[in-house]
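# A look at the structure
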Amino acid sequence: MSHQIDVQDVEYLRHGDKPLLARLFKPRGDGPFPMIVDLHGGAWFRGDRLNDTVINEALAKSGVVVAALDFRMPPDASYPGSVADINYGIRWLKARAKDLGSRADLVGAIGISSGGHLGMLVGMRPRDPRYAALSLPAGAPAVDASLRCMILCWPVIDPLARYRYVKKLKEGGKPYPDLVDRVMPGHDQYWKTEEAMAEGNPVLALERGERVEMPPVLYLQGTKDIAHPRPDLDRFVTHYRKAGGQLELELFEGEAEGFVTRNPGSPAAARAIERIIEYVHKLGR
């Protein structure tokens, strides 16, 4: 069933004189619909709420409320600034879920590349005091940022390992892949130190045996993605499942990074979007 949708931008948070917007994609009809919070990629320092419109529109037309968030990035804030914005955004949306045609217990997230990392971090540590530092307005319902599910689209799941990987490529001298110069500045500006990359790290959190929340995960990645190293994916999948988390892995043969948003008309992109829609509705009942 295809729904007519309404799209609007709303301010969900403000830092000083800088508003942060959420683009809402709302299906018409009787809810409650599942709700998905979209977190854009861009190596933690580029991109905005418009990045993933091809996915968000398709989700909304299938009967899902989608909220695509802007959040602070360098130079406005380094880690954990964007994580705090996202944690707040999830709580803000949960507090208004009924008015948006959803329910607080039906709110999950999707994250692309660095947005996948940020979403997984919030999902694993929804009540971390640093991440939950921003208070909702007085009188808002008492909600946390726990997630119904997390959809990871080629996430930077281990920021430290990825940083060392691109540094090694650069040290090998030219010609090296252009991704090195695209992503290294983001690592440096957002994280500042390798210690921070190790701390805010879903893979290492599992390897350290941290007590974390484990929302069900759908993990999508292309087999020719050189921007998101396969060993990091394998470590996360292994440790998440071993710790008792539910995780469905979908690998797309021959596809490179960003294949859904870079080539939305491709058969692989259509398959990936269909898989995301199916997953959200399966969990959103």
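Everything discussed here concerns the structure shown above.
Below or above, wherever it landed, is the structure these notes cover. Everything quoted here is computed from the prediction, not taken from an experiment. (Residues numbered from 1 in each chain as written. Predicted model: local features only at pLDDT ≥ 70, side-chain atom pairs only at ≥ 80, totals over all residues. Heavy atoms only, no water.)

### Digging into the packing of aromatic side chains
Evaluation of the coordinates by the stated rule reveals twelve aromatic pairs. Ring geometry for W44 and W191: centres 5.6 Å apart, planes at 85°, overall edge-to-face. Of this pair, W44 sits in the loop between β3 (35–39) and α1 (53–61) while W191 sits in helix α5 (residues 179–191); the two residues are 147 residues apart in sequence, bridging distant segments of the chain. Residue W44 shares its accessibility class with W191, and that shared class is buried. One aromatic cluster in this structure is built from W44, Y79, Y131, Y190 and W191. (Phe/Tyr/Trp six-rings, centres within 6.5 Å; stacked < 30°, edge-to-face > 60°. Helix = DSSP H or I, 4+ residues; strand = E, 2+ residues; numbered from the N terminus. Buried < 20%, exposed > 50% of the residue type's maximum accessible area, 1.4 Å probe, protein only.)

### Quick notes on the packing of α1 against helix α10 (residues 267–283)
At their nearest, the axes of α1 and α10 sit 10 Å apart, and the two run at 45° to each other. Put simply, α1 runs oblique to α10. When you trace α1 past α10, the crossing you get is right-handed. Together, V54, I55, A58 and L59 of α1 and I273, I276, I277 and V280 of α10 make up the contact between the two elements. (Axes fitted to C-alpha atoms, helices over the stretch in contact; angles between N-to-C directions. Parallel < 35°, antiparallel > 145°, perpendicular 65-115°, else oblique. Left-handed = near helix turned anticlockwise from the far one by under 90°. Contact = heavy atoms within 4.5 Å.)

### Digging into the sheet that holds strand β1 (residues 5–15)
The eight strands lie next to each other as β1-β2-β4-β3-β5-β6-β7-β8, forming an open sheet whose pairing is mixed. Where the open sheet ends on each side, the last strands, each with one partner, are β1 and β8 (247–252). The average undirected angle you get between the axes of adjacent strands in this sheet is 20°. Looking at chain direction, β3 and strand β4 (residues 65–69) are connected through five bridges and run parallel. Looking at the pairing, M35 lines up with V65 of β4. Along the sheet face, α1 touches β1, β2 (18–27), β3, β4 and β5 (107–112) and points at about 40° away from the line of β2. (Pairing = 2+ DSSP bridges.)

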